Amino acid sequence: MKTAATEMLDIEFPIFAFSHCRDVVAAVTKAGGLGVLGAVAHSPEQLEIDLAWIEDEVGGRPYGVDLIVPAKYAGDGDGGYTLDDIAKLIPDTHREFVADILARYDVPELPDNDSTRGTVPADGAGGTAPFSAKQAMPLLDIALAHDTAFVANALGPPPQFLIDRCKEEGKLIGALAGRPQHAERHQAAGVDIIIAQGSEAGGHTGEIGSMVLIPEIVDAVDIPVLGAGGIGRGRQMAAAMALGAQGVWCGSVWLTTDEAETHPVVKQKFLAATSADTIRSRSLTGKHARMLKSKWTEEWDREDTPEPLGMPLQPILTNEAQKRIARAANTPGSGAAELSNYFVGQIVGTMNQPKSAASVVMEMIEEFIDATESLAAQLES
């Protein structure tokens with residue numbers, strides 16, 4: 001395939017695969033797409049290890065790194081709260097509510113020195129808050145020191161320091177947009193590629209559906225646009241390209257692949273879920289993010305419960321609870337298993353068979369070809 005996106009990054013297929021799992025990133029890159037490692041939950045040490053591993057695996061092929069540095073978050077006037085600062089700001093009512101959830105669902109305490117990872121990052125280097133510039137800077141330094149071809153910011157406009165650093169190092173930079181105005185600001189700031197993310201997407205997402213959003217953003221900017229949100233099949237890829245996109249950005253579809261590190265209980269939930277089994281909830285990060293419905297989202301959606309706190313307070317509040325849930329959810333039928341969930345988009349309704357990441361890429365391309373040939377045939381006299 002030949003599009004602006006494939007030309008800019010020297011890739012075979014304009015399929016960008018966002019994943020927190022290095023195995024998925026490497027597999028998609030080797031299959032001809034562009035794997036993009038979601039690094040927000042990485043420590044600097046682990047990111048260094050994973051990027052070196054990816055580079056050994058892909059043999060010089062391009063890959064990307066995705067960071068989360070929001071334009072605004074609690075305490076950003078001082079560069080972001082420390083964990084100690086946040087601990088003083090979390091109301092007792094919220095702590096008591098989380099403790100009550102865990103007690104009612106019989107979720108046990110963590111053992112000493114437990115290494116279970118939470119659903120969202122709880123802290124960065126030196127005790128910095130999650131989703132902050134202070135947390136992201138060491139990760140950005142490592143990403144730019146490697147052969148990373150593409151750096152994306154997944155939440156709001158990339159801070160100017162991020163754009164400037166990428167430009168200095170000769171890396172392409174992308175940013176997600178949920179409205180045309182966001183895309184216009186990204187372009188004005190110097191972004192190279194816009195990811196038009198519709199509401200169907202997993203994780204942090206807005207309210208406008210892909211069918212409406214993609215052409216709006218294509219018309220609003222003069223740089224390449226990738227379609228995102230509800231895309232995991234070749235027909236959906238063809239639709240995004242027909243709307244003017246130069247490629248697609250997929251995240252959820254990799255969560256049930258053989259290479260994915262998705263929690264086994266959550267993976268089984270994904271495989272059984274329908275497209276109606278997701279919800280936009282603030283219960284994990286403090287910002288609206290699409291995730292699988294579970295008892296956890298139900299508890300936070302009750303009228304008699306406290307409102308989720310803003311970012312970064314909410315992930316700090318819920319981090320230990322999520323670790324306890326993840327550790328205990330391996331017991332079938334447990335309360336922890338009922339609470340367990342993860343970020344996923346509405347495409348989950350078609351993610352009903354485990355398969356390799358390379359197979360997902362090849363099936364998308366084959367179905368894309370069939371779809372475009374079918375459309376072309378409709379024009380024949």
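Everything below is about the structure shown above.
The structure presented is a predicted model; accordingly, all values stated were derived computationally and were not measured.

Criteria and cut-off values
Residues numbered from 1 in each chain as written. Predicted model: local features only at pLDDT ≥ 70, side-chain atom pairs only at ≥ 80, totals over all residues. Heavy atoms only, no water. Helix = DSSP H or I, 4+ residues; strand = E, 2+ residues; numbered from the N terminus. Axes fitted to C-alpha atoms, helices over the stretch in contact; angles between N-to-C directions. Parallel < 35°, antiparallel > 145°, perpendicular 65-115°, else oblique. Left-handed = near helix turned anticlockwise from the far one by under 90°. Contact = heavy atoms within 4.5 Å. Nonpolar A, V, L, I, M, F, W, Y, C, P; charged D, E, K, R; others polar. Salt bridge = Lys/Arg side-chain N within 4 Å of Asp/Glu carboxyl O. Buried < 20%, exposed > 50% of the residue type's maximum accessible area, 1.4 Å probe, protein only. Arc of directions from axis to C-beta.

Draft legend 1. Quick look at the environment of Lys-2. Checked against the element boundaries, Lys-2 lands in the segment before α1 (4–9). Considering only alpha carbons, one finds Lys-2 and Leu-243, 241 residues apart in sequence, at a separation of 16 Å.

Draft legend 2. Expanded view of the packing of helix α2 (residues 22–30) against helix α3 (residues 44–58). The interhelical angle for the contact between α2 and α3, taken along N-to-C directions, is 25°, at an axis separation of 10 Å. Between α2 and α3, the angle is such that the two are roughly parallel. Crossing hand, α2 versus α3: right-handed. Facing α2, whose interface residues are Arg-22, Asp-23, Val-25, Ala-26, Thr-29 and Lys-30, α3 presents Ile-49, Asp-50, Trp-53, Ile-54, Glu-57 and Val-58. For the contact of α2 with α3, the per-class residue count stands at 6 nonpolar, 1 polar and 5 charged.

Draft legend 3. Representation of the pattern of salt bridges in the model. Counted according to the given criterion, the structure contains 15 salt bridges. The residue Asp-50 makes a salt bridge to Arg-22 at a minimum N-O spacing of 3.1 Å. Of the two residues, Asp-50 sits in helix α3 while Arg-22 sits in helix α2, which places them 28 residues apart along the sequence. Assessed through its relative accessible area of 7%, Asp-50 is described here as buried. The exposure class assigned to Arg-22 is partly exposed, which follows from its relative accessible area of 22%. Between Lys-295 and Glu-298 there is a salt bridge, with the nearest N and O atoms lying 3.5 Å from each other. With Lys-295 and Glu-298 both in helix α12 (residues 295–300), this residue pair falls 3 residues apart, about one helical turn. Residue classification places Lys-295 among the partly exposed positions, given a relative accessible area of 28%. Because the salt bridges share partners, they merge into one network encompassing Asp-100, Arg-104, Glu-299, Arg-302 and Asp-304.

Draft legend 4. Structural context of helix α8 (residues 180–189). Burial in α8 covers these residues: Pro-180, Ala-183 and His-186. Looking straight down α8, one finds that the buried residues subtend no more than 115° of arc, so they occupy a single side. Against the buried residues of α8 lie β5 (172–177), β6 (193–197) and α9 (210–220).

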